[in-house]
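# Results of the structural survey
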Amino acid sequence: MAVMKPIIEAKYEPVLEEVCAFSPATVANLGPGFDFLGCAVEGQGDVVEARLRPDLPGKVIIEDITGEGGRLSRVAEENCCGIGAIETLKLLGVSDMGVSLRLQKGLNLGSGLGSSSASSAAAAWAVNALYGCPLTKAELVPAGLIAEAAVSGWHADNIAPAIMGGFVLIRSYEPKLQLQPLEFGATLHPGVERPNLWFVLVTPKFEAPTREMRAALPQEVPLKSMVNNSLQGGSLVAGILHGDAEMLGQALNSDCVIEPARGPLIPGFIQAKEAALKAGAFGCTISGAGPTVVAIVKDQTCGVQVADAVIKAFTDHGNLEIMRATVSTLSTDGAFTCEGTSCSNSFDTIFVV
């Protein structure tokens, strides 16, 4: 694990006494993009309020957490929100001022939508904002990555898009973290309007902790499977850059390594995927470690039809209740500061359940 060193050499003075920040849900892996590709989606997310504490120099405390049923630690060093704030203070080189945090969870724990990343991303951005945002979003990712590692391992495919927004390709982890944002439709002619990209996200009531779901993965894969996932991983990137939702969906649908290992562990997933494709989805797979199912569709109308089909499959075949189902678009903002009811990125999002 990397040791955080200050990026900012100059002495920065705080510009705000308190601030509120939001970070969105994220979809990691996208099928064959395991641990190297993720994106942010509109609608759901976590909110963190950060307040300067001159009486606690160099320390971070968590004053309150809501929305998670009392399951998360209030000790900053044991919580992704707290760790994200601590590591951001280190990056800023701040030791003469402390921070208190209040976390409002909008994402369910173990949902496969980057719950831990949303907390750490919102905290990192909030602390950065207290000092006038001297760090870029890319520079903040390592702080969130350390927080993510505390609960689910050293992978940046949730935390990078949670902070930066849009699609983010992880080019390398060693010897240093290298990130590449990918704009949906980047290769389209400047005069051509960028298309919307529509996601269906259905979360059944079934917790799938990331560490447990990673333990189910094979340590070795056949050469044929490696070649297939390499081809489809390239197709994911091509679909993104060309703004081709159908190509992206087909690639997302074609993982032959991760999904076959995790899918049977989620009751009703196999039938849910079949139902999504039959209802018109371009492709469907597990979001992150699950149990949320993600599908790519052509528009909102198709999205609602796909969501209804997936809900029915989980209910009939998995005997699972549905916690939330949405049809939403790509979030290009990532983490941002906000006030009160504006702490959301729910534009163009349909909450089916």
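Scope of this entry: the structure provided in the associated data block. (Residues numbered from 1 in each chain as written. Predicted model: local features only at pLDDT ≥ 70, side-chain atom pairs only at ≥ 80, totals over all residues. Heavy atoms only, no water.)

Turning our attention to the overall build of the chain. Along the backbone of the chain there are 10 helices and 12 strands. For 353 residues, the compact-globule formula gives about 20 Å, and the C-alpha radius of gyration of the chain, at 20 Å, lands near that figure. Buried positions account for 55% of the 353 residues belonging to the chain. In the chain, the share of contacts with a sequence separation of at least 24, taken over all contacts with a separation of at least 6, comes to 75%. Each charge class in the chain can be summarised by its mean position, and for the 24 positive and 37 negative side chains these summaries are 3 Å apart. (Helix = DSSP H or I, 4+ residues; strand = E, 2+ residues; numbered from the N terminus. Rg over C-alpha atoms; globule rule 2.2 N^0.38 Å. Buried < 20%, exposed > 50% of the residue type's maximum accessible area, 1.4 Å probe, protein only. Contact = heavy atoms within 4.5 Å. Lys, Arg positive; Asp, Glu negative; His and termini not counted. Charge placed at Lys NZ, Arg CZ, Asp CG, Glu CD.)

Side-chain pairs of opposite charge can arise whenever the charged atoms involved come near each other. Summed over the entire model, instances satisfying the criterion amount to 12 salt bridges. Here D316 makes a salt bridge to K312, at a shortest N to O gap of 2.6 Å. Linking D316 with K312, this pair stays in helix α10 (residues 300–317), spanning 4 residues, or about one helical turn. Assessed through its relative accessible area of 46%, D316 is described here as partly exposed. The class of K312 is exposed, set by a relative accessible area of 54%. Counted as one network, the salt bridges with shared partners bring together R51, R53, D55, E63, D64 and R102. (Salt bridge = Lys/Arg side-chain N within 4 Å of Asp/Glu carboxyl O.)

Relative to the elements of secondary structure, I311 occurs in helix α10. A sequence separation of 183 residues divides I311 from N128, and the C-alpha atoms of the two residues are 40 Å apart.

Moving on: the packing of helix α6 (residues 223–241) against helix α7 (residues 245–252). Taken N-terminus to C-terminus, the directions of α6 and α7 make an angle of 160°; their axes are 8 Å apart at the nearest point. As far as their axial angle goes, α7 and α6 are roughly antiparallel. Crossing handedness for the pair α6 and α7: left-handed. Between α6, through Q232, S235, L236, A238, G239 and I240, and α7, the contact on the second element is made entirely by M247, L248, Q250, A251 and L252. (Axes fitted to C-alpha atoms, helices over the stretch in contact; angles between N-to-C directions. Parallel < 35°, antiparallel > 145°, perpendicular 65-115°, else oblique. Left-handed = near helix turned anticlockwise from the far one by under 90°.)

By size, the foremost hydrophobic cluster in this structure holds 45 residues, and its most contacted members are V60, V99 and L101. Filtering out sequence-adjacent residues up to four positions away, L101 remains in contact with V48, E49, A50, V60, I61, I62, E63, D64, C81, G82 and A85. One finds A208, V293, V310 and I311 within the second-largest nonpolar core, a separate group that totals 29 residues. (Core = buried A, V, L, I, M, F, W, Y, C linked by side-chain atoms within 4.5 Å.)

Considering all chains together, one arrives at 1 aromatic pair under this definition. Measuring from centroid to centroid gives 5.3 Å for F22 and F336, while their planes differ by 40°, and the two rings are tilted. Within this pair, whereas F22 is found in strand β1 (residues 18–28), its partner F336 is found in strand β11 (residues 336–338), the two being separated by 314 residues in sequence. Comparing F22 with F336, the two get one shared label, buried. For the cation-ring pair, K137 lies above W125, with the distance from its terminal atom to the ring centre recorded as 5.2 Å. (Phe/Tyr/Trp six-rings, centres within 6.5 Å; stacked < 30°, edge-to-face > 60°. Lys NZ or Arg CZ within 6 Å of the ring centre and 35° of its normal.)

Its volume calculated, the largest pocket comes out at about 630 Å³. In this structure, the largest pocket is lined by 37 residues; those nearest its centre are G110, S115, S116, V151 and T210. Contributions of two or more residues to the lining of the largest pocket are made by α1 (80–92), α2 (115–130) and α5 (210–215). If you tally residues by element for the lining of the largest pocket, the top one is α2, at 4 residues. When its residues are assigned to classes, the lining of the largest pocket shows 10 nonpolar, 17 polar and 10 charged. (1 Å grid on protein atoms, 1.4 Å probe; cavity = no way out; pocket = protein on both sides within 12 Å on 5 of 7 lines; lining within 4 Å. Points joined across faces, edges and corners; volume = space filled by probe spheres on them. Nonpolar A, V, L, I, M, F, W, Y, C, P; charged D, E, K, R; others polar.)

With that out of the way, let us pick up the environment of E42. Following the sequence through the fold, E42 ends up in strand β2 (residues 37–53). Considered as a pair, E42 and G132 are 90 residues apart in the sequence and their alpha carbons are 25 Å apart.

Remark: helix α9 (residues 269–278) packs on α10, axes separated minimally by 8 Å, with the N-to-C direction vectors making an angle of 155°. One way to sum up the angle between α9 and α10 is to call them roughly antiparallel. Considering only the axes of α9 and α10, their crossing is right-handed. Mapping the contact onto sequence places F269, Q271, A272, A275 and A276 in α9 and V306, A309, V310, A313, F314 and H317 in α10. Its residues assigned to classes, the contact of α9 with α10 shows 9 nonpolar, 2 polar and no charged.

Right, let's talk about empty space enclosed by the protein for a bit. One way to see where empty space is left: roll a probe the size of a water molecule over the atoms. A complete count under the given rule lists 1 cavity of 30 Å³ or more for this structure. Its volume calculated, the largest cavity comes out at about 50 Å³. Every residue along the wall of the largest cavity is listed here: N29, G31, D255, I258, E259, R262, T285, I286 and G288. Sorting the residues of the lining of the largest cavity by element identifies α8 (258–262) and β8 (283–286) as the ones contributing at least two each. Sort the elements by how many residues they give to the lining of the largest cavity and α8 lands first, with 3 residues. Looking at side-chain class alone, the lining of the largest cavity contains 2 nonpolar, 4 polar and 3 charged residues.

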